Amino acid sequence: MLTVGRVMWTGIEPVTADTPLKAVALLLATSGIPGVPVVDGDGRAIGMVFEDDLLGTERRRRLGWLRSGPAKPARTAGDVMTSPALGVRAVAPLSLAAELLARRPCLPVLHDGRPVGIVGRAAVAFALARPDAALRREVESALVLGCSIPRGTLHVSVDGGNVVLRGPELPRATERDLPLVVGRLFGVASLELRLGA
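Keep in mind that this is a model prediction, so the values were computed, not measured.

Draft legend 1. Highlighting helix H5 (residues 121-128). The set of residues buried in H5 consists of Ala123, Val124 and Ala127. Taken around the axis of H5, the buried residues stretch over an arc of 100°, which confines them to a single face. Exposed residues lying more than 90 degrees from the buried face of H5 are Ala122, Phe126 and Leu128. The inward-facing, buried residues of H5 contact helix H4 (94-100) and strand S5 (114-120).

Draft legend 2. Expanded view of the nonpolar core. Membership of the largest hydrophobic core comes to 18 residues, with the highest contact counts inside it found for Val139, Leu143, Val163, Leu165 and Leu178. Of all the secondary-structure elements, those providing two or more residues to this core are helix H6 (132-147), strand S6 (155-159), strand S7 (162-167) and helix H7 (172-183). Within the second largest apolar cluster, 16 residues are counted, among which are Leu2, Val7, Val109 and Ala123.

Draft legend 3. Layout of the sheet that holds S6. Strand order in the open sheet formed by 3 strands is S6-S7-S8, with mixed pairing between adjacent strands. Both outer strands of the open sheet, S6 and strand S8 (190-195), are each paired with one neighbouring strand and no more. For this sheet, the mean inter-axis angle between neighbouring strands, taken without regard to orientation, is 15°. Two elements, S6 and S7, share 5 bridges in a ladder whose sense is antiparallel. By the bridge assignment for S7, histidine 155 is matched with arginine 166.

Draft legend 4. Structural view of the environment of glycine 183. Relative to the helices and strands, glycine 183 resides in helix H7. In the structure, glycine 183 is positioned 44 residues away from valine 139 in sequence and 9.4 Å away in space, judged by C-alpha atoms.

Draft legend 5. Expanded view of the environment of leucine 170. Along the chain, leucine 170 turns up in the loop between S7 and H7. Separated by 17 residues in sequence, leucine 170 and threonine 153 place their C-alpha atoms 9.8 Å apart.

Draft legend 6. Spatial organisation of the sheet that holds strand S1 (residues 15-16). In spatial order, the strands read S1-S2-S3; together these 3 strands make up an open sheet with mixed pairing. Only two strands of the sheet have a single partner each, and these edge strands are S1 and strand S3 (45-50). Its contacts with the sheet place helix H1 (residues 21-31) against S1, strand S2 (35-39) and S3, and it is angled at close to 140° to S2.

Draft legend 7. The pattern of salt bridges, seen in detail. Counted under the stated rule, the structure contains 3 salt bridges. Linking glutamate 192 and arginine 194 is a salt bridge whose minimum nitrogen-to-oxygen distance equals 2.5 Å.

Draft legend 8. Up close: the pairing of S7. Between the antiparallel neighbours S6 and S7 lie 2 residues, among them glycine 160 with a positive phi of about 65°. Note: S7 against S8, 6 bridges, orientation parallel. Its bridge partner being in S8, arginine 166 is matched across the sheet by arginine 194. For the handedness criterion, the β-α-β arrangement of S7, H7 and S8 is classed as right-handed.

Draft legend 9. Structural detail: the packing of H6 against H7. Viewed as axis vectors pointing N to C, H6 and H7 meet at an angle of 130°, and their least axial separation amounts to 10 Å. With respect to their mutual orientation, H6 and H7 come out oblique. When the axes of H6 and H7 are compared, the crossing they make is right-handed. Across from Val139, Ala142, Leu143, Gly146 and Cys147 in H6, the residues of H7 making contact are Thr174, Asp177, Leu178, Val181 and Val182.

The rules we used
Residues numbered from 1 in each chain as written. Predicted model: local features only at pLDDT ≥ 70, side-chain atom pairs only at ≥ 80, totals over all residues. Heavy atoms only, no water. Buried < 20%, exposed > 50% of the residue type's maximum accessible area, 1.4 Å probe, protein only. Helix = DSSP H or I, 4+ residues; strand = E, 2+ residues; numbered from the N terminus. Arc of directions from axis to C-beta. Contact = heavy atoms within 4.5 Å. Core = buried A, V, L, I, M, F, W, Y, C linked by side-chain atoms within 4.5 Å. Pairing = 2+ DSSP bridges. Axes fitted to C-alpha atoms, helices over the stretch in contact; angles between N-to-C directions. Salt bridge = Lys/Arg side-chain N within 4 Å of Asp/Glu carboxyl O. Right-handed = clockwise from strand over helix to strand, strands pointing away. Parallel < 35°, antiparallel > 145°, perpendicular 65-115°, else oblique. Left-handed = near helix turned anticlockwise from the far one by under 90°.

Laid out in structure tokens, this is it:
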């Protein structure tokens, strides 16, 4: 199973709620990440500042000026952060992160509530673009670990994420588990069973 930890960005320094917005903007611009975790005094994630939060700040500032004069300016990460920090663990399946990334451009990867990395939509796209041979190896491992099928019992072929399993007839319960075990692997587009033929 492809996990968040295998594709996350590491070495990203979080910011605190009182970090000036200019410093946050510089960090996002120079690191190439779409968001940065905001942490409290204990290093626990309390929110995220996304590029969209910075853009929204500028838009609100201009609209406020047009409507009623200058608005209270946002000056710190705490003024604009999205809270709470919705995060994932490094051991989580990338498929879980992909579902959450439909709502946010990136997620903090957390260990005991503290950020250890970032996973973004680019990581998901990279994982989907990985070679079929890598997905085939992952399917083969899942058959051994998830279904207790000895390696080599089934022939696995992958083409464009479409998985075909060929081999002898298997016990009904094992055959029933195959779509659950293989289908949860990130990047599997379809599964075809050709057993007992």
